[in-house]
Amino acid sequence: MADIRTTAAVAAPETQPSTEHVAIRREDYRPPDWLVPEISLDFQLDADRTIVRGTLQVERNGDHDRPLRLDGDEIAALSVKVDGADADWRMDGPALVIDLAGDRATIETEVEISPAANTKLMGLYASGGMLCTQCEAEGFRRITFFPDRPDVLSKYHVRMEGNATLFPVLLSNGNRIALGDAAEGRHWAEWQDPFPKPSYLFALVAGDLEANRDSFTTMSGRQVDLAIWVRSSDLPKTQHAMDSLKLAMAWDERVYGREYDLDLFNIVAVSDFNMGAMENKSLNIFNSAYVLADQDTATDADFDNIARVVAHEYFHNWSGDRVTCRDWFQLSLKEGFTVFRDQSFSADVGSPPVKRIEDVRVLRAVQFPEDAGPLAHPVRPDSYIEIGNFYTATVYNKGAEVIRMLATVLGPEKFRAGTDLYFSRHDGEAATCDDFVKALEDGSGVDLSAFKIWYSQAGTPKVTARLEHDAAANAATLHLEQKVDPTPGQPVKAPMPIPLRTVLIGAESGAELAPERLIVLDEPRQSVRFDNVSELPLLSINRGFSVPVVVKAERRPGELERLAQTDPEPFARYEAIQELMMRALVAGARGEAADSAPVVAAVAATLQSNSLDPAFKAEAILIPGDSMIAERMDEVDPDAIHASRESLREAIGTGLSGALLGAHRSDGVEGHDLSPRAKGIRRLRTVALGLLAAGDPQQGAALAKAQFDRADNMTDRQGALGILASLDVPERQAALDAFYERFQDDPLVLDKWFALQAAAQRSDTVDQVLRLAAHPDFTISNPNRLRSLAGTFGGNHWAFHSPDGRGYAFLADILLDADKLNPQVAARLVPAFGRWRRFEPKRAELMRQTLERIVAAPGLSKDVFEQVSKSLA
Ligand code: BES
Ligand code: ZN
């Protein structure tokens with residue numbers, strides 16, 4: 001923490017006041033000086049000029065004489081009154097400070113804000129003619145003066161008034177208690193939320209919207225009115241979100257015993273949104289990408305994401321709203337837990353093994369690199385400069401893994417007893433990660449104290465495993481070791497408890513030699529004995545990915561090959577195939593002779609299997625991406641990695657063209673069939689096609705063009721176009737043009753068009769991306785569009801790391817432009833540069849220089865400053 005302050009002071013350009021870059025520290029937490037049990041807000045709505053009057057009932061919290069401090073951000077007070085009279089007040093930077101003599105007061109403030117000029121999309125802003133809010137984490141202070149921290153819980157009363165034609169629909173949290181007409185074509189509505197909530201959960205929407213309405217009857221028989229609000233032309237695309245919402249409501253009742261608590265639940269879709277979606281109490285606001293879908297415009301993955309995000313935000317009603325966070329360091333309390341809940345939900349409504357594979361892939365592709373790089377931080381961070389930078393894969397995905405691990409250790413009944421206690425004990429409170437673990441302990445009667453280090457220690461543990469077989473003694477010994485590398489601010493690491501689901505499998509019989517064990521490695525090294533091992537054993541370890549670690553197991557020749565064919569646990573089987581691939585890929589990237597034969601054989605066996613379902617096959621034969629391979633290299637050479645990966649794909653494509661063609665042609669599903677089986681068949685169809693095209697680009701192009709032309713759904717269409725986009729064939733441009741012609745008026749599909757080209761594995765991708773940035777449909781101010789081009793390109797390992805540095809220059813330029821409008825979204829582009837130290841010297845130097853150029857830019861936001869200065873440190 002101290003080092004961050006030093007870094008800030010040293011690296012901050014002189015145009016920046018250094019106070020802006022001060023780190024906030026977890027250990028400095030103090031309860032709020034003043035509470036606000038009630039707040040009443042009055043909005044006179046107008047896109048250019050909105051007047052906000054706030055009336056706060058404030059109460060001194062504890063015995064102190066500190067003044068009332070109300071946070072503000074880019075707002076100025078037009079008037080301030082205390083108990084109805086003009087009062088003495090002062091500004092301390094952005095905060096409004098009032099000395100109060102008594103223990104209670106009524107504070108009235110008036111501010112003017114401009115939603116149309118709000119390009120940060122935090123606070124009250126305009127999007128496509130409507131007005132909406134985003135307050136998490138610190139957006140409420142851009143609307144009105146308030147102690148904008150999650151441990152100040154208030155009852156909200158909201159009155160809003162605006163033009164009845166522009167804003168026929170007026171929504172806020174809770175229940176609508178009154179509405180009426182006003183002069184000059186205006187109307188008004190009043191809303192009241194009976195549940196006290198922190199300011200980050202406040203929401204308001206005003207716009208010309210229509211609703212898809214439905215209802216849900218809760219387990220205690222109450223009827224809840226559901227509404228999904230969109231522009232009227234989008235109504236036909238809302239049914240999947242509605243179906244997902246009802247499934248999620250029923251699932252939370254069944255699995256966690258959690259019932260919805262109001263008579264109304266609203267979802268609103270907006271096209272300009274920094275994140276995916278937001279869980280405001282009873283008024284969830286969504287990026288339209290996670291609401292709108294139909295067969296023609298959305299892929300199977302889009303449908304799955306919508307179900308997942310709808311469920312996630314709904315689940316927050318308990319894990320986030322009813323029980324909220326004490327401070328932002330506890331963010332994983334709500335996000336890690338809610339991600340675990342949405343992952344379990346998606347597994348239950350789809351295929352659990354395939355969902356597990358997908359979740360682990362994301363963890364390894366995003367969180368492991370984060371945990372090994374300059375932005376590494378614990379699941380519960382110790383300090384931050386800008387909290388917006390801590391909505392990370394570590395807080396979300398690793399946080400979810402930690403809870404999954406606790407659930408594995410406890411087993412389902414005890415875990416449920418623990419979560420029941422957590423919800424009842426902390427209902428209506430702002431809690432901590434410690435409170436969560438304590439409730440699990442008290443509810444289950446199991447001591448979990450050793451596991452708390454998973455919240456405080458950053459870095460991915462590395463486990464080495466060696467299995468020794470003593471045939472004479474009919475026994476085997478598993479030797480385990482663990483190590484955690486240093487991370488910023490944590491040079492020395494303690495051993496962690498690492499629960500590994502493990503079984504030995506007979507090399508001959510292919511059978512499990514004994515029931516699976518949960519081995520908890522909690523010392524630097526440990527040996528575990530297995531008896532009755534009557535045949536040569538194969539080691540199946542960290543099954544289901546029971547703990548988020550890297551396991552390096554010593555393998556006998558042929559062991560992975562055998563596991564890839566026999567392991568009955570689907571994740572472990574997938575893992576064996578992937579590990580075989582990784583060996584060949586790393587050898588190839590190192591310039592060593594890479595033997596693709598074992599991989600080709602494993603892929604062949606997978607494709608031929610009668611017992612595996614298509615979705616699993618598709619996941620299992622997918623080749624790890626360039627950045628995953630890069631994680632395994634001592635020095636990263638993107639060209640060598642790319643060449644190695646292409647050569648393995650080609651070997652599979654040529655070696656297995658018959659089997660791949662069979663998988664590609666497997667049919668019998670309709671485009672609108674969204675069953676897990678149909679989705680699996682479509683997925684395998686395109687994965688197989690990609691490999692075929694790697695073996696024979698001409699044949700691949702013809703097949704892809706045919707799939708593209710015939711497609712009656714976006715999954716097949718986008719799958720085919722994605723393959724064509726990387727090929728050097730005449731079909732490529734024709735298909736891209738046809739796609740554009742057909743979908744140019746649909747922004748969410750146009751995002752795909754930009755993203756497909758930014759993801760292309762071609763030597764001219766940088767040129768294409770520069771051209772696309774000048775395309776009339778490109779705009780830097782819409783976060784989805786910016787991410788589809790710049791975000792996707794930053795993740796295109798080979799193209800982004802073009803040796804001439806043009807990829808770096810492009811991303812830096814667009815990031816700096818974006819930072820002037822929307823720092824939160826700009827900062828999310830920085831991690832593409834984060835691991836510069838691992839690259840070969842020329843690229844490393846180019847990346848470092850680019851980071852230096854960014855940090856020296858005048859007027860840099862603290863969001864980008866924090867990410868860049870930490871990346872350089
Ligand atoms: N609370 C967040 C939304 C949020 C994130 C607000 C960052 C402010 C800053 C929401 O619950 C969330 O986590 N959304 C995710 C999607 C989810 C399915 C993981 C998102 O927006 O990406
Ligand atoms: Zn969330």
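All of the points below concern the structure found in this document. Predicted, not measured: the structure shown is a model, and the values here were computed from it. (Residues numbered from 1 in each chain as written. Chains lettered and ligands numbered in written order. Predicted model: local features only at pLDDT ≥ 70, side-chain atom pairs only at ≥ 80, totals over all residues. Heavy atoms only, no water.)

Phe-43, Ile-107, Phe-202, Trp-454, Leu-478 and Leu-480 are the most contacted members of the largest nonpolar core, which has 150 residues in total. If you tally residues by element for this core, the top one is helix α6 (residues 393-410), at 9 residues. In this view, Trp-454 contacts Val-379, Lys-398, Val-402, Met-405, Pro-461, Met-496, Pro-497, Ile-498, Val-547, Pro-548 and Val-549; residues no more than four positions away in its chain are not counted. Counting 117 residues, the second-largest nonpolar core is a separate cluster that includes Ile-577, Ala-618, Ala-790 and Ile-854. (Core = buried A, V, L, I, M, F, W, Y, C linked by side-chain atoms within 4.5 Å. Buried < 20%, exposed > 50% of the residue type's maximum accessible area, 1.4 Å probe, protein only. Helix = DSSP H or I, 4+ residues; strand = E, 2+ residues; numbered from the N terminus. Contact = heavy atoms within 4.5 Å.)

Within this structure, the stated rule accounts for 82 salt bridges. A salt bridge links Asp-234 to Arg-231, with the shortest nitrogen-to-oxygen separation between them at 3.3 Å. Shared partners join several salt bridges into a network, and the residues in it are Asp-42, Arg-53, Glu-110, Arg-159, Glu-161 and Arg-186. (Salt bridge = Lys/Arg side-chain N within 4 Å of Asp/Glu carboxyl O.)

Turning next to the side chain of Glu-190. Here Glu-190 shows up in strand β15 (residues 186-197). No salt bridge is formed by the buried Glu-190; the nearest opposite charge belongs to Arg-159, separated by 4.2 Å. A polar contact of 2.9 Å, which involves the side chain of Glu-190, links it to the side chain of His-157. For Glu-190, the contacting residues outside a window of four places in its chain are His-157, Val-158, Arg-159, Asn-175, Arg-176, Ile-177 and Ala-178. (Lys, Arg positive; Asp, Glu negative; His and termini not counted. Polar contact = N/O pair within 3.5 Å; in protein donor to acceptor, adjacent residues only side chain to side chain.)

What follows concerns the packing of α6 against helix α7 (residues 412-426). Here α6 crosses α7 at 125°, and the two axes come no closer than 6 Å. Relative to α7, the element α6 lies oblique. Two packed elements cross with a definite hand, and for α6 against α7 that hand is right-handed. On α7, the residues that touch Ile-403, Ala-407 and Leu-410 of α6 are Pro-412, Lys-414 and Phe-415. Considered class by class, the residues forming the contact of α6 with α7 number 5 nonpolar, no polar and 1 charged. (Axes fitted to C-alpha atoms, helices over the stretch in contact; angles between N-to-C directions. Parallel < 35°, antiparallel > 145°, perpendicular 65-115°, else oblique. Left-handed = near helix turned anticlockwise from the far one by under 90°. Nonpolar A, V, L, I, M, F, W, Y, C, P; charged D, E, K, R; others polar.)

Moving on to the sheet that holds strand β13 (residues 169-172). Read across the sheet, 4 strands follow the order β10-β11-β16-β13 without closing on themselves; strand pairing throughout is antiparallel. At either end of the open sheet lies a strand with only one pairing partner, and these are β10 (123-127) and β13. Neighbour-to-neighbour, the strand axes of the sheet open up by a mean angle of 20°, direction not taken into account. In this structure, strand β11 (residues 130-134) lies alongside strand β16 (residues 204-207), joined through 2 bridges in antiparallel fashion. Among the inter-strand pairings, Cys-132 is bridged to a residue of β16, identified as Val-205. (Pairing = 2+ DSSP bridges.)

Around the zinc ion (ligand 2), the protein supplies His-312 (NE2), His-316 (NE2), Glu-335 (OE) and Glu-335 (OE) as donor atoms, at distances of 1.9 to 2.7 Å. In this structure, the zinc ion (ligand 2) is coordinated by 6 donor atoms arranged in irregular fashion, with angles at the metal of 53 to 162°. Read in sequence order, the donor residues for the zinc ion (ligand 2) give the motif H-x3-H-x18-E. Residue His-312 is classed as buried on the basis of its relative accessible area of 6%. (Donors = N, O, S within 2.8 Å, 3.2 Å for Na, K, Ca; no water. Tetrahedral: all angles 85-135°; square planar, octahedral: opposite > 155°, others 65-115°.)

Around ligand 1, the structure places 17 residues, and the nearest of them are Glu-136, Gly-276, Glu-279, Glu-313 and Tyr-396. Taking Gly-276, its main chain carries an N or O atom lying 2.5 Å from an oxygen atom of ligand 1. Separating an oxygen atom of ligand 1 from a backbone N or O atom of Ala-277 is a distance of 3.2 Å. Broken down by element, the shell around ligand 1 gets its largest block of residues, 4 residues, from helix α3 (residues 300-315). Looking at the shell around ligand 1 residue by residue, the classes come out as 6 nonpolar, 5 polar and 6 charged. (Near = heavy atom within 4 Å.)

Time to look at the pairing of strand β12 (residues 154-163). The element β12 is extensively covered by neighbouring structure, given that 7 of its 10 residues are classed as buried. Both strand β2 (residues 34-44) and β12 contribute to a ladder of 7 bridges, which runs parallel. Of the residues in β12, the one forming a bridge with Ser-40 is His-157.

To continue, consider helix α5 (residues 352-372). In this model, α5 (21 residues) spans 28 Å end to end at C-alpha, consistent with the 30 Å of a helix rising 1.5 Å per residue. At Arg-364, α5 shows its maximal kink, close to 35°. (Expected span 1.5 Å × (residues − 1). Bend = angle between axes of the 7 residues up to and from the residue.)

In this structure the tally under the stated criterion is 37 aromatic pairs. With a centroid separation of 5.9 Å and an interplanar angle of 85°, the aromatic rings of Trp-251 and Phe-345 are classed as edge-to-face. Here Trp-251 is found in helix α2 (residues 239-256), whereas its partner Phe-345 is found in helix α4 (residues 331-349), with 94 residues between them in sequence. Phe-345 carries the same exposure label as Trp-251, and that label is buried. The ring centre of Phe-195 lies 4.3 Å from the NZ or CZ of Lys-281, which sits over that ring. One Lys or Arg, Arg-517, reaches over the ring of Phe-530 and ends 4.4 Å from the middle of that ring. (Phe/Tyr/Trp six-rings, centres within 6.5 Å; stacked < 30°, edge-to-face > 60°. Lys NZ or Arg CZ within 6 Å of the ring centre and 35° of its normal.)

In this structure, Asp-712 sits in the loop between α18 (697-710) and α19 (714-725). On the basis of relative accessible area, Asp-712 is assigned to the partly exposed category, the value being 37%. Linking Asp-712 and Arg-326, residues 386 residues apart in sequence, is a C-alpha distance of 49 Å. Not counting the four nearest positions on each side in its chain, Asp-712 is found in contact with Gln-295, Asp-296, Gly-671 and Arg-717. Only 2.9 Å separates the side chain of Asp-712 from the side chain of Asn-713, close enough to count as a polar contact.

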